[in-house]
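Chain by chain, the residues run as shown.
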Amino acid sequence: DDGDASDFMAPLLSRIAYDFRALLIDRPGCGGSDRTRHDCTLDSQTRVIRLALRELRAEQPLLVAHSWSAVAALALALRYPDDFAGVVLINPLCYADASIRATDPHARVVSRFGSLVAPMVGRTAHDAALRTKFSPEPVPFAETLEPLREAAAIRRPRERRRLARNTAALRSAAGLVTRYGDIELPVVIVVGDGDRVASPSRHGYRLHNHVHHSHLIVLPRGGHMVHITRPDSVMESIHQGWSLAHERAEARR
(Lines give C-alpha, C1' and ligand atoms only; values in the text may rest on other atoms or scores of the structure.)
Protein backbone atom coordinates (compact mmCIF):
# COMPACT_ATOMS: atom_id res chain seq x y z
CA ASP A 1 0.00 0.00 0.00
CA ASP A 2 0.97 3.68 0.00
CA GLY A 3 0.88 3.56 3.80
CA ASP A 4 3.24 1.42 5.84
CA ALA A 5 3.56 -1.94 7.52
CA SER A 6 1.29 -0.82 10.35
CA ASP A 7 -1.66 -1.21 7.96
CA PHE A 8 -1.29 -4.96 8.48
CA MET A 9 -0.57 -4.88 12.21
CA ALA A 10 -4.02 -5.91 13.36
CA PRO A 11 -6.20 -7.84 13.12
CA LEU A 12 -4.65 -9.74 10.19
CA LEU A 13 -1.09 -9.94 11.47
CA SER A 14 -2.06 -11.79 14.65
CA ARG A 15 -3.70 -14.46 12.51
CA ILE A 16 -0.76 -14.72 10.11
CA ALA A 17 1.84 -14.89 12.89
CA TYR A 18 -0.04 -17.78 14.48
CA ASP A 19 0.72 -20.03 11.50
CA PHE A 20 3.65 -18.40 9.71
CA ARG A 21 6.79 -16.34 10.10
CA ALA A 22 5.56 -12.93 9.05
CA LEU A 23 7.92 -10.29 7.60
CA LEU A 24 6.46 -6.83 6.99
CA ILE A 25 8.46 -4.69 4.57
CA ASP A 26 7.73 -1.07 3.68
CA ARG A 27 8.20 -0.38 0.01
CA PRO A 28 11.18 1.94 -0.49
CA GLY A 29 9.98 5.49 0.05
CA CYS A 30 6.90 4.48 2.04
CA GLY A 31 6.34 4.10 5.76
CA GLY A 32 9.51 4.38 7.81
CA SER A 33 11.89 3.80 4.91
CA ASP A 34 14.16 6.48 3.48
CA ARG A 35 13.71 7.74 -0.04
CA THR A 36 16.45 8.63 -2.48
CA ARG A 37 15.81 10.18 -5.84
CA HIS A 38 16.06 6.73 -7.45
CA ASP A 39 13.54 4.97 -5.21
CA CYS A 40 10.49 5.72 -7.33
CA THR A 41 11.49 3.32 -10.11
CA LEU A 42 10.02 -0.14 -9.99
CA ASP A 43 13.42 -1.68 -10.71
CA SER A 44 14.91 0.00 -7.65
CA GLN A 45 12.03 -1.01 -5.40
CA THR A 46 12.09 -4.67 -6.40
CA ARG A 47 15.88 -4.91 -6.02
CA VAL A 48 15.73 -3.46 -2.51
CA ILE A 49 12.85 -5.73 -1.47
CA ARG A 50 14.63 -8.82 -2.81
CA LEU A 51 17.84 -7.84 -1.03
CA ALA A 52 15.95 -7.27 2.23
CA LEU A 53 14.34 -10.70 2.03
CA ARG A 54 17.72 -12.32 1.38
CA GLU A 55 19.26 -10.48 4.34
CA LEU A 56 16.38 -11.77 6.49
CA ARG A 57 17.02 -15.30 5.13
CA ALA A 58 13.47 -15.69 3.92
CA GLU A 59 13.52 -18.78 1.71
CA GLN A 60 10.72 -19.15 -0.82
CA PRO A 61 8.36 -16.70 0.89
CA LEU A 62 4.77 -16.14 -0.16
CA LEU A 63 4.33 -12.53 -1.28
CA VAL A 64 1.23 -10.85 0.16
CA ALA A 65 0.56 -7.39 -1.26
CA HIS A 66 -2.26 -4.86 -1.01
CA SER A 67 -3.28 -2.10 -3.40
CA TRP A 68 -0.31 -0.17 -4.89
CA SER A 69 2.16 -2.83 -3.71
CA ALA A 70 0.63 -5.41 -6.05
CA VAL A 71 2.65 -4.16 -9.01
CA ALA A 72 5.89 -4.62 -7.04
CA ALA A 73 4.85 -8.17 -6.07
CA LEU A 74 4.01 -8.99 -9.68
CA ALA A 75 7.34 -7.58 -10.82
CA LEU A 76 9.16 -9.74 -8.27
CA ALA A 77 7.23 -12.81 -9.43
CA LEU A 78 8.22 -12.12 -13.04
CA ARG A 79 11.85 -11.20 -12.45
CA TYR A 80 12.79 -13.61 -9.68
CA PRO A 81 10.36 -16.56 -9.94
CA ASP A 82 12.78 -18.98 -8.27
CA ASP A 83 12.94 -16.82 -5.15
CA PHE A 84 9.25 -16.99 -4.24
CA ALA A 85 6.58 -19.59 -3.52
CA GLY A 86 3.58 -17.64 -4.76
CA VAL A 87 1.65 -14.40 -4.66
CA VAL A 88 -1.50 -13.29 -2.84
CA LEU A 89 -2.85 -9.92 -3.97
CA ILE A 90 -5.47 -8.06 -1.94
CA ASN A 91 -7.49 -5.55 -3.98
CA PRO A 92 -4.56 -5.06 -6.37
CA LEU A 93 -4.00 -1.77 -8.16
CA CYS A 94 -1.80 -3.00 -10.98
CA TYR A 95 -2.73 -1.31 -14.25
CA ALA A 96 -1.59 2.20 -15.12
CA ASP A 97 -4.76 3.64 -16.60
CA ALA A 98 -7.11 6.50 -15.84
CA SER A 99 -8.46 4.75 -12.74
CA ILE A 100 -5.34 5.47 -10.72
CA ARG A 101 -6.16 9.18 -10.80
CA ALA A 102 -9.32 8.48 -8.81
CA THR A 103 -7.64 6.73 -5.88
CA ASP A 104 -7.26 9.88 -3.77
CA PRO A 105 -9.12 12.90 -5.18
CA HIS A 106 -8.28 14.99 -2.10
CA ALA A 107 -4.57 14.59 -2.84
CA ARG A 108 -4.99 16.61 -6.01
CA VAL A 109 -6.82 19.38 -4.17
CA VAL A 110 -4.10 19.83 -1.56
CA SER A 111 -1.14 19.44 -3.90
CA ARG A 112 -2.68 21.89 -6.35
CA PHE A 113 -3.25 24.71 -3.89
CA GLY A 114 -0.40 24.04 -1.49
CA SER A 115 0.13 24.14 2.24
CA LEU A 116 -2.30 27.01 2.91
CA VAL A 117 -5.20 24.75 2.00
CA ALA A 118 -3.84 21.62 3.66
CA PRO A 119 -4.66 22.63 7.27
CA MET A 120 -8.21 23.58 6.28
CA VAL A 121 -9.11 20.47 4.31
CA GLY A 122 -6.66 18.04 5.90
CA ARG A 123 -8.91 16.41 8.49
CA THR A 124 -12.01 16.57 6.29
CA ALA A 125 -10.12 15.11 3.36
CA HIS A 126 -8.64 12.41 5.56
CA ASP A 127 -12.04 11.35 6.90
CA ALA A 128 -13.53 11.35 3.40
CA ALA A 129 -10.60 9.31 2.08
CA LEU A 130 -11.06 6.76 4.87
CA ARG A 131 -14.75 6.42 4.04
CA THR A 132 -13.85 5.87 0.39
CA LYS A 133 -11.25 3.25 1.25
CA PHE A 134 -13.64 1.24 3.43
CA SER A 135 -16.84 1.80 1.44
CA PRO A 136 -19.30 0.09 1.14
CA GLU A 137 -18.29 -1.13 4.59
CA PRO A 138 -18.29 1.26 7.55
CA VAL A 139 -15.04 2.70 8.86
CA PRO A 140 -14.20 0.57 11.94
CA PHE A 141 -13.62 3.11 14.68
CA ALA A 142 -11.53 0.83 16.83
CA GLU A 143 -8.02 0.61 18.26
CA THR A 144 -6.98 -1.66 15.41
CA LEU A 145 -7.37 1.27 13.03
CA GLU A 146 -5.28 3.78 14.98
CA PRO A 147 -1.96 3.05 13.19
CA LEU A 148 -3.68 3.69 9.85
CA ARG A 149 -5.21 6.94 11.10
CA GLU A 150 -1.95 8.18 12.56
CA ALA A 151 0.00 7.34 9.40
CA ALA A 152 -2.43 9.21 7.14
CA ALA A 153 -3.81 11.85 9.51
CA ILE A 154 -2.89 15.03 7.61
CA ARG A 155 -0.49 14.59 4.70
CA ARG A 156 1.92 17.45 4.13
CA PRO A 157 2.88 18.61 0.63
CA ARG A 158 6.00 16.42 0.59
CA GLU A 159 3.81 13.40 1.35
CA ARG A 160 1.49 14.41 -1.45
CA ARG A 161 4.49 14.43 -3.75
CA ARG A 162 5.27 10.92 -2.49
CA LEU A 163 1.87 9.81 -3.76
CA ALA A 164 2.63 11.41 -7.12
CA ARG A 165 5.97 9.56 -7.27
CA ASN A 166 4.23 6.28 -6.45
CA THR A 167 1.86 6.95 -9.33
CA ALA A 168 4.91 7.55 -11.52
CA ALA A 169 6.36 4.22 -10.37
CA LEU A 170 3.16 2.48 -11.40
CA ARG A 171 3.23 4.17 -14.77
CA SER A 172 6.87 3.13 -15.20
CA ALA A 173 5.65 -0.47 -15.01
CA ALA A 174 3.47 -0.08 -18.11
CA GLY A 175 5.72 -2.43 -20.06
CA LEU A 176 5.32 -5.04 -17.34
CA VAL A 177 1.56 -5.24 -17.86
CA THR A 178 1.94 -7.15 -21.11
CA ARG A 179 3.94 -9.82 -19.25
CA TYR A 180 1.51 -10.56 -16.42
CA GLY A 181 0.32 -13.61 -18.33
CA ASP A 182 3.86 -15.05 -18.17
CA ILE A 183 3.80 -15.41 -14.38
CA GLU A 184 4.31 -19.07 -13.47
CA LEU A 185 3.92 -18.79 -9.71
CA PRO A 186 0.55 -19.48 -8.05
CA VAL A 187 -1.43 -16.24 -7.88
CA VAL A 188 -4.43 -15.71 -5.60
CA ILE A 189 -6.40 -12.50 -6.16
CA VAL A 190 -8.72 -11.27 -3.43
CA VAL A 191 -11.14 -8.47 -4.27
CA GLY A 192 -13.95 -6.70 -2.49
CA ASP A 193 -16.62 -6.32 -5.16
CA GLY A 194 -17.50 -2.88 -3.81
CA ASP A 195 -13.93 -1.54 -3.86
CA ARG A 196 -14.02 2.16 -4.85
CA VAL A 197 -10.22 2.59 -4.94
CA ALA A 198 -8.94 -0.31 -7.05
CA SER A 199 -11.97 -1.02 -9.19
CA PRO A 200 -12.21 -4.84 -9.55
CA SER A 201 -13.26 -4.55 -13.21
CA ARG A 202 -10.20 -2.43 -14.01
CA HIS A 203 -7.72 -4.31 -11.84
CA GLY A 204 -8.55 -7.55 -9.96
CA TYR A 205 -10.91 -9.12 -12.51
CA ARG A 206 -8.75 -7.88 -15.35
CA LEU A 207 -5.64 -9.41 -13.80
CA HIS A 208 -7.47 -12.70 -13.24
CA ASN A 209 -8.31 -12.81 -16.96
CA HIS A 210 -4.71 -11.94 -17.82
CA VAL A 211 -3.13 -14.58 -15.54
CA HIS A 212 -5.12 -17.58 -16.69
CA HIS A 213 -4.05 -19.96 -13.92
CA SER A 214 -4.81 -17.45 -11.15
CA HIS A 215 -7.42 -18.02 -8.47
CA LEU A 216 -9.99 -15.31 -7.81
CA ILE A 217 -11.73 -14.81 -4.46
CA VAL A 218 -14.57 -12.26 -4.41
CA LEU A 219 -15.76 -10.87 -1.09
CA PRO A 220 -19.34 -9.59 -1.51
CA ARG A 221 -19.82 -5.97 -0.43
CA GLY A 222 -16.18 -5.75 0.51
CA GLY A 223 -14.26 -2.48 0.22
CA HIS A 224 -10.60 -1.69 -0.38
CA MET A 225 -9.50 -2.50 3.19
CA VAL A 226 -10.74 -6.09 3.48
CA HIS A 227 -7.53 -7.11 5.27
CA ILE A 228 -8.91 -5.04 8.17
CA THR A 229 -12.64 -5.69 7.79
CA ARG A 230 -12.50 -9.34 6.63
CA PRO A 231 -9.30 -10.74 8.18
CA ASP A 232 -10.59 -14.33 8.37
CA SER A 233 -11.46 -14.37 4.67
CA VAL A 234 -8.08 -12.87 3.73
CA MET A 235 -6.36 -15.40 5.99
CA GLU A 236 -8.12 -18.21 4.15
CA SER A 237 -6.79 -16.82 0.85
CA ILE A 238 -3.25 -16.82 2.27
CA HIS A 239 -3.64 -20.46 3.28
CA GLN A 240 -4.89 -21.19 -0.23
CA GLY A 241 -1.82 -19.49 -1.64
CA TRP A 242 0.43 -21.71 0.45
CA SER A 243 -1.50 -24.83 -0.57
CA LEU A 244 -1.15 -23.97 -4.25
CA ALA A 245 2.54 -23.24 -3.78
CA HIS A 246 3.03 -26.60 -2.06
CA GLU A 247 1.20 -28.42 -4.86
CA ARG A 248 3.37 -26.70 -7.45
CA ALA A 249 6.56 -27.59 -5.57
CA GLU A 250 5.49 -31.23 -5.30
CA ALA A 251 4.61 -31.39 -8.99
CA ARG A 252 8.05 -30.07 -9.97
CA ARG A 253 9.94 -32.70 -7.96
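Described in the following lines is the structure provided in the data block. The structure displayed is predicted, hence computed values, not measured ones. (Residues numbered from 1 in each chain as written. Predicted model: local features only at pLDDT ≥ 70, side-chain atom pairs only at ≥ 80, totals over all residues. Heavy atoms only, no water.)

## Things to note about the overall build of the chain
Phase 1: Helix and strand counts for the chain come out as 11 helices and four strands.
Phase 2: For the chain, the share of sequence-separated contacts (at least 6 apart) that also reach a separation of at least 24 residues comes to 76%. (Helix = DSSP H or I, 4+ residues; strand = E, 2+ residues; numbered from the N terminus. Contact = heavy atoms within 4.5 Å.)

## Topic: the packing of aromatic side chains
Phase 1: Under the defined criterion, the tally for this structure stands at two aromatic pairs.
Phase 2: Seen from their ring centres, Phe20 and Trp242 are 5.7 Å apart, and the 20° between their planes marks the pair as stacked. Residue Phe20 is located in the loop between α1 (12-19) and α2 (42-55), and its partner Trp242 is located in helix α11 (residues 231-252); the two are separated by 222 residues in the primary sequence.
Phase 3: The class of Trp242 is partly exposed, set by a relative accessible area of 29%.
Phase 4: On the numbers, 5.5 Å between centres and 80° between planes, the contact of Tyr95 with Tyr180 is edge-to-face. Placement of the pair is Tyr95 in the loop between β2 (86-90) and α4 (105-113) and Tyr180 in the loop between α8 (174-177) and β3 (187-192), with a sequence separation of 85 residues. With respect to burial, Tyr95 and Tyr180 carry one shared label: buried. (Phe/Tyr/Trp six-rings, centres within 6.5 Å; stacked < 30°, edge-to-face > 60°. Buried < 20%, exposed > 50% of the residue type's maximum accessible area, 1.4 Å probe, protein only.)

## Describing a nonpolar patch on the surface
Phase 1: Side chains of Leu23, Ile25 and Leu56 sit close together on the surface and give an oily, nonpolar patch of about 210 Å² of accessible area.
Phase 2: Taking relative accessible area as the criterion, Leu23 reaches 35% and is therefore assigned partly exposed. (Patch = residues over 30% accessible without salt bridge, like charges linked within 9 Å, V, L, I, M, F, W, Y side chains within 5 Å. Areas by Shrake-Rupley, 256 points an atom, 1.4 Å probe, with all protein chains shown as cover. Salt bridge = Lys/Arg side-chain N within 4 Å of Asp/Glu carboxyl O.)

## A look at unusual backbone geometry
Phase 1: Cis geometry is found at the peptide bond from Ser135 to Pro136, where omega equals 5°.
Phase 2: Within the fold, Pro136 resides in the loop between α5 (118-134) and α6 (146-151).
Phase 3: The phi torsion at Gln60 lies on the positive side, around 50°, for a residue other than glycine.
Phase 4: In this fold, Gln60 is placed in the loop between α2 and β1 (62-66).
Phase 5: By relative accessible area, Gln60 is classed as partly exposed at 38%.
Phase 6: Positive phi values are uncommon outside glycine, yet Ser67 reaches one of about 60°.

## A few points about the packing of α1 against α11
Any two packed helices are characterised by how steeply their axes cross, that is the angle between the axes, and by the distance between the axes.
Phase 1: Here α1 crosses α11 at 35°, and the two axes come no closer than 9 Å. You can see that α1 and α11 cross each other, and the crossing is right-handed. Two secondary-structure elements touch here, α1 through Leu12, Arg15, Ile16 and Asp19 and α11 through Pro231, Asp232, Val234, Met235, Ile238 and His239.
Phase 2: Its residues assigned to classes, the contact of α1 with α11 shows six nonpolar, one polar and three charged. (Axes fitted to C-alpha atoms, helices over the stretch in contact; angles between N-to-C directions. Left-handed = near helix turned anticlockwise from the far one by under 90°. Nonpolar A, V, L, I, M, F, W, Y, C, P; charged D, E, K, R; others polar.)

## Notes on the nonpolar core
Phase 1: By size, the foremost hydrophobic cluster in this structure holds 31 residues, and its most contacted members are Leu89, Tyr180 and Leu207.
Phase 2: Among the elements of the structure, α2, β1, α3 (69-79), β2, α8 and β3 are those that each provide at least two residues to this core.
Phase 3: With nine residues, the top contributor of residues to this core is α3.
Phase 4: Contacts of Leu207, omitting those with residues within four sequence positions, involve Leu74, Leu89, Pro92, Cys94, Tyr95, Tyr180, Ile189 and Ser214. (Core = buried A, V, L, I, M, F, W, Y, C linked by side-chain atoms within 4.5 Å.)

## Structural notes on the sheet that holds β3
Either a parallel or an antiparallel arrangement is found when strands of a sheet pair, and the pairing is made through backbone hydrogen bonds.
Phase 1: Pairing is parallel in the open sheet, where four strands are placed in the order β1-β2-β3-β4. Only two strands of the sheet have a single partner each, and these edge strands are β1 and β4 (215-219). Strand-to-strand twist of the sheet, defined as the mean angle between neighbouring strand axes without regard to direction, takes the value 15°.
Phase 2: Sheet topology places β3 next to β4; five bridges connect them, and they run parallel. The partner of Ile189 across the bridge, within β4, is Leu216. (Pairing = 2+ DSSP bridges.)

Fair warning: the whole summary comes from geometry, so function is off the table for now.
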